[in-house]
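Listed here are the chains, written in short residue letters.
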Amino acid sequence: MSRADVRGEPVEESEATAPGTVPGPGAVRSPSPLWSFGLLRSELLITFRRWRTLALLAVLAAVPILVGIAVKIETSDGPSLGGGGGGGEGPAFISQISNNGLFLVFTALAATLPFFLPMAIGVVAGDAIAGESSAGTLRYLLVAPAGRSRLLLTKYATVIAFCLAATLVVAVSALAVGALLFPVGDLITISGTRITYAEGLGRALLIALVVAASLVGVAALGLFVSTLTGSGIAAMATTVGLLITVQILDQIPQLDALQPYFFSHYWLSFADLMREPVYWDDLVKNLGLQALYAAVFGSAAWARFTTRDITA
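As the structure is a computational prediction, the values presented were derived from the model and not from experiment.

A. Quick peek at the overall build of the protein chain. Summing up its helical and strand segments, the protein chain has 10 helices and four strands in all. The order of α-helices and β-strands along the protein chain, N terminus first, is β-β-α-α-α-α-α-α-β-β-α-α-α-α. Burial analysis of the protein chain (312 residues in total) assigns 46% to the buried set. Partitioning the intrachain contacts of the protein chain with sequence separation of at least 6 by distance along the chain shows that 75% fall at a separation of at least 24.

B. Highlighting empty space enclosed by the protein. Within the structure shown, the criterion is met by three cavities of 30 Å³ or more. In this model, the largest cavity occupies a volume close to 100 Å³. Around the largest cavity, the lining residues are E43, T47, R50, V124, D127, A128, G131, E132, K155, T158 and V159. Ranked by the residues each element gives to the lining of the largest cavity, the list is headed by helix α4 (residues 116–135), at five residues. Residues that form the lining of the largest cavity fall into these classes: three nonpolar, three polar and five charged.

C. Quick look at the side chain of D250. Summarising the element assignment, D250 is placed in the loop between α9 (232–249) and α10 (281–305). Despite its burial, D250 pairs with no opposite charge, the nearest such side chain being K285 at 13 Å. Excluding its chain neighbours within four sequence positions, the residues that come into contact with D250 are Q259, F262, S264 and H265.

D. How the structure looks around the side chain of N100. Along the chain, the position of N100 falls in the loop between α2 (51–74) and α3 (103–112). The exposure class of N100 is buried, given its relative accessible area of 3%. A polar side-chain atom of N100 sits 3.0 Å from the main-chain amide nitrogen of L102. Each residue touching N100, except ones within four places of it in the same chain, is listed here: P183, V184, G185, D186, L187 and Y197.

E. Structural view of the packing of α3 against helix α7 (residues 197–213). Two numbers describe how α3 lies on α7: the axes approach to 10 Å, and their chain directions differ by 10°. The orientation of α3 relative to α7 falls into the category roughly parallel. Mapping the contact onto sequence places V105, F106 and L109 in α3 and G200, A204, I207, A208 and V211 in α7. Its residues assigned to classes, the contact of α3 with α7 shows seven nonpolar, one polar and no charged.

F. Quick look at the packing of α4 against α9. Direction vectors running N to C along α4 and α9 enclose 150°, while the axes themselves pass 7 Å from each other. Comparing their axes, α9 and α4 come out roughly antiparallel. Regarding α4 and α9, the two cross each other, and that crossing is right-handed. Residue-level contacts link P118, M119, G122, V123, G126, D127, A130, G131 and S134 of α4 to G232, A235, M236, T239, V240 and L243 of α9.

How each quantity is defined
- Residues numbered from 1 in each chain as written.
- Predicted model: local features only at pLDDT ≥ 70, side-chain atom pairs only at ≥ 80, totals over all residues.
- Heavy atoms only, no water.
- Helix = DSSP H or I, 4+ residues; strand = E, 2+ residues; numbered from the N terminus.
- Buried < 20%, exposed > 50% of the residue type's maximum accessible area, 1.4 Å probe, protein only.
- Contact = heavy atoms within 4.5 Å.
- 1 Å grid on protein atoms, 1.4 Å probe; cavity = no way out; pocket = protein on both sides within 12 Å on 5 of 7 lines; lining within 4 Å.
- Points joined across faces, edges and corners; volume = space filled by probe spheres on them.
- Nonpolar A, V, L, I, M, F, W, Y, C, P; charged D, E, K, R; others polar.
- Lys, Arg positive; Asp, Glu negative; His and termini not counted.
- Salt bridge = Lys/Arg side-chain N within 4 Å of Asp/Glu carboxyl O.
- Polar contact = N/O pair within 3.5 Å; in protein donor to acceptor, adjacent residues only side chain to side chain.
- Axes fitted to C-alpha atoms, helices over the stretch in contact; angles between N-to-C directions.
- Parallel < 35°, antiparallel > 145°, perpendicular 65-115°, else oblique.
- Left-handed = near helix turned anticlockwise from the far one by under 90°.

Following this line, the structure appears as structure tokens:
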């Protein structure tokens, strides 16, 4: 007998997937790769069609608009903001926006990375498993021949896709606003060298990809928290609370020995991509740290999810 699961995919019933049971980690399944792709496609559609997701993306898109308008008003009499702007930290880009609109991309990413972007990722990741549980659909997802590991991997891939989409929304919005409000052309790197506008666009894209990669650790942390509770709201609140706590701890001088291990410590290292030559040390440390967080909390999420009792 065949029926349809909650994602609209056909499912064949067997002893391992009898009605009212939830398969354990040892249940036998043989889902095809095409079914797995269908599950991922369905998760992506469900995530990006939610009003909550669209609202988060709208807020992220609005940040570059507000920054651009504020800089335009502030510089309407002629002088640029700030001083030299060569400090190397991301926010220093703001002093260059009135000279070249492309710098609004770097400034917007620097402005959203400490809070807005990770908060949005925390909301989506925290809701990934706990949201299904609180809605009563997790049990039925596991009746389908997905397997717990496959379902968890699909959820994580969806969150990673949202990381990339959210970062690109900020970058594209900033690029459009910067081109509309300010002049564009060749730009000066924070090392004082000149590069073409085309090369600047290439570096902007690379910076956006680095920022998205900087969020994979937060995504894994949120997914792990999501496996600990059956309440989507509790998982989202806990993940966002952890993000804020780590950000605060990263600013306390007495904790300087621990700060290099905080996932947020090297986030603004993407500014080194605007040097000539590029400084790779902190960039590599950042990406390595994110990979470590993804491995640790991804493994913890898998261990928790594959052994917990699913009651909803």
